[in-house]
Amino acid sequence: MINTRHLVSRQRFYDALAPIHHELYLNWRNFCRWQYEKLLTYLALTDSRDVLDASCSIGTQAIELAIENHRVTAIDISAIALDRARENLAREGVHERVNFVLADFLNEETLPDHEYDRILLLDNAISHATDTQSRERALRALRARLRIGGLALFGIRDYDQALISRPTTTAPAFYDTLDGRRIVHQVWDWGKDDVYEFHLHIVRCGLETNSASHLSAFYRASSAAQLKSAMIEVGFADVKTTSP
């Protein structure tokens, strides 16, 4: 059973994040290209592929995949994020190459009934599965949509040390821009079973005005070994771990 409190929190989080998601980076478009170059290393994207971006947000992965002529299905739990992704890809003239679908990777009934050459679930999204059963269901549903010989890539935080030390904050990022300074930092409130409430704070110190945003969602911290074991359990083969 899906934790409805966490589901509502996650949808609200991504609805609220969508208009300001780019502020997490000094230059979002440069980050998109950097990440795509990493995907080339991991996923052998030299030929045109059918790709499922299972948590696309504002199009961080989908935009470069589409530019490089891959056939992309981009899903997200947030309709606001999907609208922003369409706008971002439209500016590059590639939005018609992507099938945008309002869906939740934690709810198999909403997923497209299709098989893919490549499946991506990046930016720590799998950690939104806040119990073992929901993570297993999500992994199993994605495995069922991976073609024989296909590749899947899951991106998580490096939680190995965090599971021991239980940090309550992360080092802030400082971005100096023409509009002033932007500070991005996080606060983690730990609960039971390695679940924590994630608080994202963005502070904008402008040339004339200041503003701030606060968003929160729930994550479950898992080590790379735990995720690898869970993937093998549902049928993924030759599972490897690596650092970006």
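Residues numbered from 1 in each chain as written. Predicted model: local features only at pLDDT ≥ 70, side-chain atom pairs only at ≥ 80, totals over all residues. Heavy atoms only, no water.

A. Here's a closer look at the pattern of salt bridges. Summed over the entire model, instances satisfying the criterion amount to 15 salt bridges. Of the charged contacts in the structure, one is a salt bridge between Arg-10 and Asp-104, with a shortest N-O distance of 2.9 Å. Of this pair, Arg-10 sits in helix H1 (residues 4-17) while Asp-104 sits in the loop between strand E3 (98-102) and strand E4 (116-121), placing them 94 residues apart in sequence. Exposure remark for Asp-104: the relative accessible area of 7% places this residue in the buried category. As a salt-bridge pair, Arg-29 and Glu-92 come within 3.2 Å of each other at their nearest N and O atoms. Of this pair, Arg-29 sits in helix H2 (residues 28-43) while Glu-92 sits in the loop between helix H4 (79-91) and E3, and the two are 63 residues apart along the sequence. The structure contains a network of salt bridges with shared partners spanning Arg-29, Arg-33, Glu-37, Glu-64, Glu-68 and Glu-92. (Salt bridge = Lys/Arg side-chain N within 4 Å of Asp/Glu carboxyl O. Helix = DSSP H or I, 4+ residues; strand = E, 2+ residues; numbered from the N terminus. Buried < 20%, exposed > 50% of the residue type's maximum accessible area, 1.4 Å probe, protein only.)

B. Fine view of the sheet that holds strand E8 (residues 195-206). Strand order in the open sheet made by the 4 strands is E6-E7-E8-E9, with antiparallel pairing throughout. The strands lining the two open edges of the sheet, one partner per strand, are strand E6 (173-177) and strand E9 (210-220). Strand-to-strand twist of the sheet, defined as the mean angle between neighbouring strand axes without regard to direction, takes the value 15°. Note: E6 against strand E7 (residues 180-190), 5 bridges, orientation antiparallel. If you follow Thr-177 over to E7, its bridge partner there is Gly-180. (Pairing = 2+ DSSP bridges. Axes fitted to C-alpha atoms, helices over the stretch in contact; angles between N-to-C directions.)

C. Here's a closer look at H4. End to end, H4 covers 19 Å across 13 residues, agreeing with the expected 18 Å (1.5 Å per residue, within 8%). Buried within H4 we find Ala-81, Leu-82, Arg-84, Ala-85, Asn-88 and Leu-89. Burial along H4 is one-sided: seen end-on, the buried residues are contained in an arc of 160°. Tucked inside the fold, the buried residues of H4 contact H2, helix H3 (62-67), strand E2 (71-76) and E3. With a side-chain oxygen positioned 3.3 Å from the backbone nitrogen of Ile-80, the residue opening H4 is Ser-78. After H4 finishes, the residue Gly-93 shows a positive phi value of roughly 75°. (Expected span 1.5 Å × (residues − 1). Arc of directions from axis to C-beta. Contact = heavy atoms within 4.5 Å. Polar contact = N/O pair within 3.5 Å; in protein donor to acceptor, adjacent residues only side chain to side chain.)

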